[in-house]
Amino acid sequence: MPPRVRFAPSPTGYLHVGGARTALLNWLYARKTGGTFILRIEDTDQERSTEAHTQVILDGLKWLGITFDEGPFFQAQYSPRHRADAEKLLAEHKAYRCFCTREELETARQAAIKAGSSFRYDGRCGRLTPAEAAARVQQGDPSSIRLRMVDGEIAWEDAVHDRISFQGHDLDDFIILRSDGTPIYNLAVVSDDIEMAVTHVIRGDDHISNTPKQIALYRALDQPAPIFAHVPMILGPDGKKLSKRHGATAVGDYQHQGILPLAMRNFLALLGWSPGGDREILPEAEMIELFSLEGIQKKAAVFDVAKLEWMNGQYLSARPAAELLEPVRLHLRELGVTESGRDLIPLIDAVKARSRTLLDIATQVGVRLDASRVVRDAKGTQLAAKLGAAFSANLLIGHAALSALTPSQWNPADLETAIKALAEREGKKLGDLMQPVRVALTGGTVSEPVNELLAVIGRDESLDRIRAAAQ
RNA sequence: GCCGCUAUCGUCUAGAGGCCUAGGACACAGCCCUCUCAAGGCUGGUACACGGGUUCGAAUCCCGUUAGCGGUACCA
């Protein structure tokens, strides 16, 4: 039977890169095995769940090219079944009503903390006789439902960690249904995973401590537990769980910075999973082909933005400019650059080799398109200062020579010939002549070769910028 | 505190007892190329947490220590 896996985010925030990676791993497993990938939105926390967050998750997955086969299902719609499961357990005495109030529980918890130990519910309501419990319900006392934990070992063969074992007596009788009749996470998850016939639960290893509780629930419901695969967390550069204070953590943040979805997906796949060997850049087909749960790392991984950007640069270089056109346009629009009818392809080609993100490309294209975006940077200023009068002088020499070229000669090849000839005639090194021009045209000391730069900016505009800079 | 998980270069990782004086990638440094930068090529430094076992032999297996992380809710 083909596996059935699911990604089950709660719509209480943006799509975190950790969540995206979990989704990706599930997706890879489903695609690898010919299984089914289900998307289930866990919106049982009505306080914090919003439709906007759901949409962001959907958009993020779509952007990454992670497609699901079933869903999205919304967990909150299934609370009648969750409640029915809880009541079934109640009827079978595998669960019991708890009349302790939140306040009482909180007081006991504080006392436990003060005493330096951890709070565990003592199961007192579990010792009420059925008659006593019925009487309290009768008199209108609100009650939650707790699962009766049984002693003994709860262990499973984790697909990434191998055997993990807990003891039943270390776990307390946890609540499965709130006093308002809504289900608690662990119950909802198990109930839904049973209903959706999920065979493999691939999720973050921060859920490891939920797993024994969930296995207890499977047992109580007389259902076989699925295979669990707990994948490692993603950490910030300081080794702490990746969070907002580390900067960009949402998939959308990287989209806005101009990371390509395939680069992001490739990078995420390699964070905590390895196909073995030396592979770095993996096309989708190979990624699926090579994927296995065994290749998943046990250890948490630090999210290294520098490597992401490197990888993005690799993808950028491999893409023809035409494929980058639309996303670059989007970034240009955000930057407020007007295209003024220019063919952007040569501009993108001119700068993409030196770019790590689409935003880099758009910024550089903007500088080439619009003189008002030329800002003299530190290196450019330094060069002009160092050269002093020679800076202007060399610009004027260049201006004079370049002015002599006709519009039809204004192409990379003829420009190169003219520049080399000029350097020879003047007895100057190419760099001495060209660096000031580069600064005049872009404001900085880094760009494509100057002949190409001149060609891409255009004759009149280039000459204007050179003359202006020579003042 | 308790329960659990983890431990190879700064980072991502390869490594399933001899192929390991530990390989690759990112980052870093140097050189080559060169009008600058990027790319590319070459070179370099840096790692098996520690201590005990097991074994002819251990990065790999076992135990302990230490450290880090996760959980410890009528959150998910």
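One can find the structure itself at the top, above this paragraph.
Focus on the overall build of chain A
Helix and strand content of chain A: 20 helices and 12 strands. Rg of the C-alpha trace for chain A: 31 Å, well past the compact-globule value of 23 Å for 471 residues, more than 25% over. Seen through its principal axes, chain A has C-alpha atoms that stretch 105 × 45 × 40 Å. Burial analysis of chain A (471 residues in total) assigns 47% to the buried set. Across chain A, the fraction of contacts at a sequence separation of at least 24, relative to all contacts at a separation of at least 6, is 75%. Summed over all atoms, the accessible surface of chain A reaches about 22300 Å², with 53% contributed by carbon and sulfur. Here chain A contributes 56 positive and 61 negative side-chain charges, whose respective centroids are spaced 3 Å apart.

What to know about the pairing of strand 6 (residues 153-158)
Regular strands place their side chains on alternate faces of the sheet. Of the two faces of strand 6, the one lined by Ile154, Trp156 and Asp158 is fully buried and the one lined by Glu153, Ala155 and Glu157 carries no buried residue. Across 6 bridges, the pairing between strand 6 and strand 7 (residues 162-167) is antiparallel. Looking at strand 7, one finds that glutamate 157 is bridged to arginine 163. Count of turn residues in the strand 6/strand 7 antiparallel hairpin: 3 residues.

Description of the environment of proline 261
Relative to the helices and strands, proline 261 is located in helix 9 (residues 261-269). Each C-alpha atom, one on proline 261 and one on leucine 64, is 5.0 Å from the other, the two residues being 197 residues apart in sequence. Those residues in contact with proline 261 that lie beyond four places of it in its chain are Trp63 and Leu64.

Notes on the protein's contact with RNA strand B
Lining the immediate environment of RNA strand B, one finds 62 residues, of which Arg102, Ser118, Arg178, Lys240 and Arg354 sit closest. Per the 4 Å cut-off to the protein, sugar and phosphate atoms form 74% of the nearby atoms of RNA strand B. Within the side chain of asparagine 210, a nitrogen or oxygen atom sits 3.0 Å from a base nitrogen of RNA strand B. For the surface near RNA strand B, the element with the most residues is helix 18 (residues 430-442), which contributes 5 residues. Across the surface near RNA strand B, the residue classes tally to 21 nonpolar, 21 polar and 20 charged.

Digging into the sheet that holds strand 4 (residues 95-98)
By way of backbone hydrogen bonds, the strands of a sheet pair with one another, either parallel or antiparallel. Strand order in the open sheet made by the 3 strands is 4-5-8, with antiparallel pairing throughout. With partners counted over all chains shown, the strands left at the sheet margins are strand 4 and strand 8 (175-177), one partner each. Each strand of the sheet is rotated relative to its neighbour by a mean of 45°, with strand direction disregarded. Pairing geometry for strand 4 and strand 5 (residues 144-147), over 4 bridges, is antiparallel. The partner of tyrosine 96 across the bridge, within strand 5, is arginine 146.

Topic: the packing of aromatic side chains
Within the structure shown, the criterion is met by 5 aromatic pairs. With 6.1 Å between their ring centres and 5° between their planes, tryptophan 156 and phenylalanine 166 make a pair best called stacked. In this pair, tryptophan 156 sits in strand 6 while phenylalanine 166 sits in strand 7, placing the two residues 10 residues apart along the sequence. On the accessibility criterion, tryptophan 156 (7% relative accessible area) is buried. Over the ring of tyrosine 121 we find arginine 146; its NZ or CZ atom is 3.5 Å from the centre of that ring. Lying over the aromatic face of phenylalanine 174, lysine 213 brings its terminal NZ or CZ to 5.4 Å of the ring centre.

Concerning the pairing of strand 1 (residues 4-7)
Residue alternation in strand 1 divides its side chains into two sets, Arg4 and Arg6 and Val5 and Phe7, and both sets are buried. Bridge analysis of strand 1 against strand 2 (residues 36-41) gives 4 bridges, and the strand direction is parallel. Across the sheet, residue phenylalanine 7 finds its bridge partner in strand 2, namely leucine 39. In terms of handedness, the path from strand 1 via helix 1 (residues 17-33) over to strand 2 forms a crossover that is right-handed.

Let's talk about the packing of helix 16 (residues 389-403) against helix 20 (residues 459-470)
Interaxial distance between helix 16 and helix 20 falls to 9 Å at its minimum, and their mutual angle equals 155°. Classified by the interaxial angle, the pair formed by helix 16 and helix 20 is roughly antiparallel. Like other packed secondary-structure pairs, helix 16 and helix 20 cross with a definite hand, here left-handed. Residues Phe391, Ser392, Leu395, Leu396, His399, Leu402 and Ser403 of helix 16 lie in contact with helix 20, whose contacting residues are Arg459, Leu463, Ile466, Arg467, Ala469 and Ala470. Split into classes, the residues belonging to the contact of helix 16 with helix 20 amount to 8 nonpolar, 3 polar and 2 charged.

A look at the layout of surface pockets
Each pocket or cavity is described by its volume, and for the largest pocket that value is around 1200 Å³. In this structure, the largest pocket is lined by 41 residues; those nearest its centre are Pro9, Ser10, Thr12, Asp206 and His207. Looking at the lining of the largest pocket, the elements that each hand over two or more residues are strand 1, helix 1 and strand 9 (200-204). The dominant element in the lining of the largest pocket, judged by the number of residues it contributes, is helix 1, at 5 residues. Grouping the constituent residues of the lining of the largest pocket by class yields 15 nonpolar, 15 polar and 11 charged. Considering only enclosed or pocket space, the second largest pocket measures out at about 470 Å³ in volume. Taken together, 21 residues line the second largest pocket, and the ones lying closest to its centre are Arg102, Leu105, Ser144, Arg146 and Ile175. For the lining of the second largest pocket, the elements supplying multiple residues, two or more each, are helix 4 (102-114) and strand 5.

Remarks on the pattern of salt bridges
One pass over the full model with this rule turns up 29 salt bridges. Between glutamate 448 and arginine 368 there is a salt bridge, with the nearest N and O atoms lying 2.7 Å from each other. Taken together, the positions of glutamate 448 in the loop between helix 18 and helix 19 (450-457) and arginine 368 in helix 14 (residues 358-369) put the pair 80 residues apart, joining distant regions of the chain. Arginine 368 sits in the buried class, given a relative accessible area of 3%. Across the salt bridge formed by aspartate 460 and arginine 459, the nearest N and O atoms sit 3.6 Å from each other. Judged by its relative accessible area of 22%, arginine 459 is partly exposed. In this structure, a network of salt bridges that share partners links the residues Arg6, Arg40, Glu42, Arg81, Asp192, Asp193 and Glu195.

Description of helix 9
Taken across its 9 residues, helix 9 has 7 buried, putting it largely inside the fold. Inspection of helix 9 places Ala263, Met264, Arg265, Asn266, Phe267, Leu268 and Ala269 among the buried residues, and these make up the whole buried set. Packing partners of the buried residues in helix 9 comprise helix 1, helix 2 (51-64), helix 8 (251-256), helix 10 (284-290) and helix 11 (305-318).

Thresholds applied
- Residues numbered from 1 in each chain as written.
- Chains lettered and ligands numbered in written order.
- Predicted model: local features only at pLDDT ≥ 70, side-chain atom pairs only at ≥ 80, totals over all residues.
- Heavy atoms only, no water.
- Helix = DSSP H or I, 4+ residues; strand = E, 2+ residues; numbered from the N terminus.
- Rg over C-alpha atoms; globule rule 2.2 N^0.38 Å.
- Buried < 20%, exposed > 50% of the residue type's maximum accessible area, 1.4 Å probe, protein only.
- Contact = heavy atoms within 4.5 Å.
- Areas by Shrake-Rupley, 256 points an atom, 1.4 Å probe, with all protein chains shown as cover.
- Lys, Arg positive; Asp, Glu negative; His and termini not counted.
- Charge placed at Lys NZ, Arg CZ, Asp CG, Glu CD.
- Pairing = 2+ DSSP bridges.
- Near = heavy atom within 4 Å.
- Polar contact = N/O pair within 3.5 Å; in protein donor to acceptor, adjacent residues only side chain to side chain.
- Nonpolar A, V, L, I, M, F, W, Y, C, P; charged D, E, K, R; others polar.
- Axes fitted to C-alpha atoms, helices over the stretch in contact; angles between N-to-C directions.
- Phe/Tyr/Trp six-rings, centres within 6.5 Å; stacked < 30°, edge-to-face > 60°.
- Lys NZ or Arg CZ within 6 Å of the ring centre and 35° of its normal.
- Right-handed = clockwise from strand over helix to strand, strands pointing away.
- Parallel < 35°, antiparallel > 145°, perpendicular 65-115°, else oblique.
- Left-handed = near helix turned anticlockwise from the far one by under 90°.
- 1 Å grid on protein atoms, 1.4 Å probe; cavity = no way out; pocket = protein on both sides within 12 Å on 5 of 7 lines; lining within 4 Å.
- Points joined across faces, edges and corners; volume = space filled by probe spheres on them.
- Salt bridge = Lys/Arg side-chain N within 4 Å of Asp/Glu carboxyl O.

Any link to function would need more than the numbers given here.
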